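# Observations on the three-dimensional arrangement
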Amino acid sequence: MKKSIVRASVLMLVGSVFLVAGGYNAQAEKDRKALVQYMEKKFSDPAKNKAMFFPYATDEDINKHLKKGVKFEEFRLGSYAIDKGGRDQYEEIKEMPPYEDNIDAGEELYKKYAFFKKCFPDPAIAGEYPKFDDKSGKVVTLTRAINQCLVANGEKPWKMTKGKIADLEAYFAAKSAEAGKKVNIQINSKAAADAYERGKKEYYSQRGYLKLSCANCHVQGSGNRVRREYLSPLLGHTTHFPVYRLKWQGLGTLERRIKGCEKNQGENPHKPSSDWTAEMLYFMSYMSNGLPVDGPDVRR
Amino acid sequence: MQRIKLLAMASVLTVALSVSVSAGNADLVKEGEKIFNTKKIGNCLACHAVNGKKINNPGNLGPKLQGLSAWPEQALYDKVYDPYATNPISAMPPFGKNGVLDDHQIKAVVAYLKTIN
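Since the model is a prediction, treat every value here as computed from it, not as a measurement.

Helices and strands together make up the secondary structure of chain A, namely 13 helices and seven strands. Here the C-alpha radius of gyration of chain A, 21 Å, is about what a compact globule of 300 residues would show, namely 19 Å. Principal axes of the C-alpha set define a box for chain A whose edges measure 70 × 55 × 40 Å. For chain A, buried positions account for 52% of its 300 residues. Taking contacts inside chain A between residues at least 6 apart in sequence as the whole, the part at least 24 apart equals 69%. Accessible surface computed for chain A: about 14,900 Å², of which carbon and sulfur atoms make up 54%. A gap of 5 Å separates the mean positions of the 51 positive and 38 negative side-chain charges of chain A.

What follows is about the packing of helix 6 (residues 100-112) of chain A against helix 9 (residues 164-178) of chain A. Residues and elements named next belong to chain A. Running from N to C, helix 6 and helix 9 point in directions that differ by 95°, and their axes come no closer than 7 Å. By the angle between their axes, helix 6 is roughly perpendicular relative to helix 9. On helix 9, the residues that touch Asn102, Ile103, Ala105, Gly106, Glu107, Leu109 and Tyr110 of helix 6 are Lys164, Asp167, Leu168, Ala170, Tyr171, Phe172 and Ala174. Per-class residue counts for the contact of helix 6 with helix 9 are nine nonpolar, two polar and three charged.

Think of two packed helices as two axes; the pair is described by the angle between the axes and how far apart they sit. Residues and elements named next belong to chain A. Packing of helix 12 (residues 254-264) against helix 13 (residues 275-287) brings their axes to within 11 Å, and their N-to-C directions diverge by 100°. Considering the angle they form, helix 12 stands roughly perpendicular to helix 13. Residue-level contacts link Leu254, Glu255, Ile258 and Glu262 of helix 12 to Trp276, Thr277, Met280, Leu281 and Met284 of helix 13. Here the contact of helix 12 with helix 13 is composed, by residue class, of six nonpolar, one polar and two charged.

The subject of this paragraph is unusual backbone geometry. Residue and element names in this part refer to chain A. At the junction of Phe241 and Pro242, the peptide bond is cis and its omega measures out at 5° in the coordinates. Within the secondary structure, Pro242 is located in the loop between strand 4 (229-230) and strand 5 (243-245). Here Gly295 and Pro296 are connected by a cis peptide whose omega angle stands at -10°. Here Pro296 lies in the loop between helix 13 and strand 7 (297-299).

What follows concerns the side chain of Asp297(A). Residue and element names in this part refer to chain A. The residue Asp297 is located in strand 7 in this model. Engagement of the side chain of Asp297 in a polar contact is seen with the side chain of Arg299, the distance being 3.2 Å. Sequence-distant contacts of Asp297, defined by excluding residues within four places in its chain, comprise Tyr90, Lys94, Tyr99, His240, Pro242, Val243 and Tyr244.

Glancing now at the interface of chain B and chain A. The partner chain A presents 17 residues to the 18 residues of chain B that form the contact. Interface of chain B and chain A: buried area, both sides summed, is about 1,500 Å²; carbon and sulfur atoms make up 54% of it. Sorting the residues of chain B by area buried against chain A places Asn57(B), Asn60(B) and Leu61(B) first, and these three jointly supply 40% of that buried surface. On inspection of chain B and its partner chain A, the count reaches zero salt bridges. Taken together, chain B and chain A are joined by ten residue pairs in polar contact (both at pLDDT 80 or more). Among the residues making up the side of chain B that touches chain A, the classes are represented as eleven nonpolar, seven polar and no charged.

All names here are of chain A. Per the counting criterion, the structure on display carries one disulfide over all chains. Paired by a disulfide, Cys119 and Cys149 hold their sulfur atoms 2.1 Å apart. Because the torsion about its S-S bond is 85°, the bridge between Cys119 and Cys149 counts as right-handed. In this pair, Cys119 sits in helix 7 (residues 115-119) while Cys149 sits in helix 8 (residues 142-152), placing the two residues 30 residues apart along the sequence. For Cys119, a relative accessible area of 34% translates into the label partly exposed. Counting only cysteine sulfurs, Cys261 is the nearest neighbor of Cys214, a cysteine outside any disulfide, at a range of 7.6 Å.

Where interface size is given, it is often the accessible area lost as the parts come together that is meant. All names here are of chain A. For chain A, the domain assignment lists domain 1 (25-97 + 189-299) and domain 2 (100-178). The gap between the C-alpha centroids of domain 1 and domain 2 is 23 Å. In this complex, domain 1 contributes 27 residues to the contact, which on the side of domain 2 involves 27 residues. Between domain 1 and domain 2 lies a buried interface of about 2,000 Å² when both sides are counted; carbon and sulfur atoms form 66% of it. Per-residue buried area on domain 1 facing domain 2 is highest for Leu251, Thr253 and Val293; these three make up 25% of the total on that side. On the surface where domain 1 and domain 2 come into contact, there are two salt bridges. A salt bridge links Lys138 to Asp275, with the shortest nitrogen-to-oxygen separation between them at 2.8 Å. Here domain 1 is connected to domain 2 by nine residue pairs in polar contact (both at pLDDT 80 or more). Contributing elements (two or more residues each) for the side of domain 1 that touches domain 2: helix 10 (190-203), strand 6 (250-252), helix 12 and helix 13.

For the rest of this paragraph, the subject is the pattern of salt bridges. Residue and element names in this part refer to chain A. Counted by the stated rule, this structure contains 23 salt bridges over all chains. For Glu74, the salt bridge goes to Arg87, with nearest N and O atoms at 3.2 Å. Residue Glu74 is found in the loop between helix 4 (59-65) and helix 5 (84-94), and its partner Arg87 is found in helix 5; the two are separated by 13 residues along the sequence. In this structure, Glu74 and Arg87 share a single accessibility class: buried. Among the residues examined, Arg87 registers a relative accessible area of 12% and is labelled buried.

About the cut-offs
Residues numbered from 1 in each chain as written. Chains lettered and ligands numbered in written order. Predicted model: local features only at pLDDT ≥ 70, side-chain atom pairs only at ≥ 80, totals over all residues. Heavy atoms only, no water. Helix = DSSP H or I, 4+ residues; strand = E, 2+ residues; numbered from the N terminus. Rg over C-alpha atoms; globule rule 2.2 N^0.38 Å. Buried < 20%, exposed > 50% of the residue type's maximum accessible area, 1.4 Å probe, protein only. Contact = heavy atoms within 4.5 Å. Areas by Shrake-Rupley, 256 points an atom, 1.4 Å probe, with all protein chains shown as cover. Lys, Arg positive; Asp, Glu negative; His and termini not counted. Charge placed at Lys NZ, Arg CZ, Asp CG, Glu CD. Axes fitted to C-alpha atoms, helices over the stretch in contact; angles between N-to-C directions. Parallel < 35°, antiparallel > 145°, perpendicular 65-115°, else oblique. Nonpolar A, V, L, I, M, F, W, Y, C, P; charged D, E, K, R; others polar. Polar contact = N/O pair within 3.5 Å; in protein donor to acceptor, adjacent residues only side chain to side chain. Buried area = accessible area lost by both parts, 1.4 Å probe. Salt bridge = Lys/Arg side-chain N within 4 Å of Asp/Glu carboxyl O. Disulfide = S-S within 2.5 Å. Domains from an automatic or database assignment.

What follows is the structure in C-alpha cells.
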C-alpha cells in the first residue's frame with residue numbers, strides 16, 4: 001500500500017519535472033512530426049501514392065508535373081518544391097531577384113532608427129518569431145514586435161502588410177539566411193501551448209461562405225491544383241517571408257499573404273493586427289521548425 | 001364535364017410547361033456554363049475539369065466531371081446545394097446552403113451539368 005503511494009508520487013514528480021523542463025511543446029512536436037511524415041510520404045513517390053493522396057489527378061499531372069523524392073529541406077520552397085514547371089521558372093527569376101533593393105532599404109531603416117538596434121541587437125532573428133510573450137499573454141509576430149518597438153520609441157506603428165515593415169523584415173530574413181539560421185519557434189508555457197492550440201484549431205476549421213479550411217488546400221490539397229496553381233504544403237509555409245509576389249509587383253508580409261488566402265475561403269479577412277492572425281502564424285511557423293530560413297523570396 | 005375540363009386544362013398546362021422548358025433550356029445551359037467558368041460566381045473550374053468540354057486550365061482538387069447526363073437532376077441539385085449531405089468530408093463548398101448560388105442559379109448549373117457525358 002505504502003509502496004504504491006510512493007511509486008505514484010515518484011511518477012508524479014517525474015511527470016512534473018518533465019513538464020517544467022519544457023514539455024509544453026509536446027503536443028506541437030507530435031503534430032509537427034506527423035506533418036513532416038505525411039508530406040515526405042506524399043511527395044516521396046506521387047505515382048505510387050496516387051490513390052491515397054491525388055485521387056483526381058491524371059497520370060500526366062503526376063508524371064509530368066509532380067516532383068519525386070522531395071527532401072525535408074526542400075519544403076521551404078513552397079509549391080516550387082513539388083511542381084517541376086514552377087521550379088524551373090523560379091530558378092530563372094532567382095538569377096535576378098526582384099527584392100534586392102528591398103533588403104537594402106530595410107538595412108537603411110535599421111540604421112536610420114537607432115532604437116531598432118536596442119530592440120533587435122541581432123538582426124538575424126527571422127526564424128525566432130512569432131514568440132509568445134508571457135507578460136502580455138499574447139503571441140508576438142515579427143511584424144508586431146517591430147511595431148511595438150516603434151511605439152515604445154514614440155513613433156507611429158507601420159502598416160503591417162507591405163512597405164517599410166516588409167523592407168525591414170526582408171533585411172532581417174536575409175541576415176538570418178546568411179547566418180544559416182533555422183526556424184526555431186518556442187513553446188515554453190501553458191499559455192503559449194494554449195495559443196498554439198487555438199491557431200491549430202483555426203487552421204483546420206472550415207470558414208467563409210465556401211466552407212473551406214486552410215488544411216483543405218494546404219494539407220490534403222497540397223500537390224493538387226486550383227486552376228493551374230499547384231497548392232503548396234503547410235510544411236515550409238513561413239520560412240521565406242517576406243515574399244515578392246509578381247501578382248503584387250512588390251513585397252508583402254505573412255500577414256498580407258494570409259489575408260489573400262482568407263479571401264480564397266470566401267471569408268472577410270481578419271485584421272493583420274488581430275490575435276487571430278498572430279496565433280495562426282504561431283501554429284504555422286511551429287510546423288516549419290528545423291527548416292532553414294531563406295527569405296526574402298519570390299512567388300507568382 | 002367538369003372532369004374533362006380539368007383534364008383539358010391540365011394537358012394545356014403540361015404542354016405549356018414542357019414548351020417553356022425546352023425553349024429556355026439552351027439559355028439555361030449557357031447561363032449555367034457561365035456560372036461554372038466564372039471566378040466570381042461558381043468558380044467550379046477551380047477544382048473540376050469536364051469531360052468533352054474545353055476549359056482553360058481547370059484544377060484537380062475535385063474529380064474530372066463525367067457521365068453526369070445520367071444523374072437525376074435532383075441528385076445534381078443536391079450535390080451543388082450541399083455536398084456534405086452525401087459526403088460529410090467533402091472538400092467541395094456547399095454553394096446553395098451558404099447562399100453563394102440561389103435556386104435559379106443552381107438550376108442553371110444543373111442544366112449545364114446534364115450536358116456532360
